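Analysis of the macromolecular model
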Amino acid sequence: MPAPVLEIYGKLTRWPLGHWVFSKAVCFKAPYFGSISPTITRLENGRCEARIKDRRAVHNHIGTVHAIALCNLAELCAGLMIDASLPDGMRWIPKGMAVSYLKRAKGTMRGTATPRTAIVSATASYELPVNVDVLDDAGEIVFNAEIRMWLSPKPVRSARPDR
């Protein structure tokens, strides 16, 4: 059974403006992502792609895309990819991020997140590294992040005794 986020993505993106509506819904759920006005362009098990347009709101003082806007795009892609790929009974949270700024980030940025290892259901918690490459309009990688996600089994909730 597909993850709930994948079902919603599949239903909405069949329609005109569906990617835009889905992206706005994600930003409503996690408001900080709205600061970069992302558009999620692809979401499937093991992969998420999103883009941010080149606009003044994401620029730094030298006119390139701000480092934190790139980090925000990377975390958005990684988190959605995990949400779309997570086995039932598991949950996740970002544990850390290592980034590399490879060249000046100018133009529209396109981020792609993929896991470095398999995402599996487990009885014990584990760390999952996620790779995120951000490319410019020319298709060159301008930024790379490795986001370490902490995956753990959801706690089993016992039935509350009657009071």
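Our structure is the block above this text.
What counts, and where the lines are drawn
- Residues numbered from 1 in each chain as written.
- Predicted model: local features only at pLDDT ≥ 70, side-chain atom pairs only at ≥ 80, totals over all residues.
- Heavy atoms only, no water.
- Helix = DSSP H or I, 4+ residues; strand = E, 2+ residues; numbered from the N terminus.
- Buried < 20%, exposed > 50% of the residue type's maximum accessible area, 1.4 Å probe, protein only.
- 1 Å grid on protein atoms, 1.4 Å probe; cavity = no way out; pocket = protein on both sides within 12 Å on 5 of 7 lines; lining within 4 Å.
- Points joined across faces, edges and corners; volume = space filled by probe spheres on them.
- Nonpolar A, V, L, I, M, F, W, Y, C, P; charged D, E, K, R; others polar.

A look at unusual backbone geometry
A positive phi is found at Leu 17, a non-glycine position, where the angle reads about 65 degrees. Located in the positive-phi region is Ser 37, a residue other than glycine, with phi close to 45 degrees. Relative to the assigned elements, Ser 37 resides in the loop between α2 (18-29) and β1 (39-44). In this structure Ser 37 comes out as partly exposed when scored by relative accessible area, which is 33%.

Some details on the layout of surface pockets
The space that makes up the largest pocket amounts to roughly 350 Å³. Taken together, 15 residues line the largest pocket, and the ones lying closest to its centre are Val 5, Val 26, Lys 29, Leu 80 and Asp 83. Looking at the lining of the largest pocket, the elements with two or more residues in it are α1 (4-12), α2, α3 (67-85) and β3 (90-101). Looking at the lining of the largest pocket element by element, the count peaks at five residues for α3. As a volume, the second largest pocket reaches approximately 200 Å³. Ala 3, Pro 4, Val 5, Asp 83, Leu 86, Pro 87, Asp 88, Gly 89, Met 90, Trp 92 and Lys 154 together form the lining of the second largest pocket. Only α1 and β3 provide two or more residues apiece to the lining of the second largest pocket. Residues that form the lining of the second largest pocket fall into these classes: seven nonpolar, one polar and three charged.

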